[in-house]
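Residue-level structural notes
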Amino acid sequence: MTEPAPSDGSLGRAGHGAGLDSPQVLRVLAVVFTLAAAGALALVVLDLVIARPAAGDVFITVLNALAAFLLWRRVLEQARA
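Treat the numbers as computed from the prediction; the structure is a model and nothing was measured. Sequence order sets the numbering: in each chain, residues are counted from 1 along the sequence as written. It should be noted that, the model being predicted, local features are given only for residues of pLDDT at least 70 and side-chain atom pairs only at 80 or more, the latter also being counted only at that level, while totals for whole chains, interfaces and linings use all residues. Only hydrogens and water are set aside when side-chain values are computed; all heavy atoms of the structure are taken into account.

Structural notes on the environment of Val-25
By the criteria applied, helices consist of DSSP H or I runs no shorter than four residues and strands consist of E runs no shorter than two, each listed in order from the N terminus. With respect to the secondary-structure elements, Val-25 resides in helix α1 (residues 23-49). Each C-alpha atom, one on Val-25 and one on Val-75, is 9.5 Å from the other, the two residues being 50 residues apart in sequence. Residues in contact with Val-25, not counting those within four places in the same chain, are Gly-19 and Leu-20. Contact definition: two residues touch when any of their heavy atoms are within 4.5 Å.

This is the structure:
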């Protein structure tokens, strides 16, 4: 039996995470996380209106807002460069 030739990992596919520095991908992700943060914030307001505990929704809102902030900052950095 013959052994297969060793692969260097360049089979025409992009490497892991290669597309994440694309301005279009970053912008789409930033918009998605911004909308998710806005939706979670609406849930927090609804929780407060109906007197339901809002701790979980606040946590999700903060995480989405943080991700959106970091992504928008990266989009703006790339736009300046």
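Some words on the side chain of Asp-47
Residue placement: Asp-47 occurs in helix α1. Relative accessibility under 20% of the residue-type maximum defines a buried residue, over 50% an exposed one, and the middle range a partly exposed one, all with a 1.4 Å probe and only protein chains included. Asp-47 gets classed as buried once you look at its relative accessible area, which sits at 2%. Once residues within four sequence positions are removed from consideration, Asp-47 is found in contact with Arg-52, Pro-53, Ala-54 and Asp-57.

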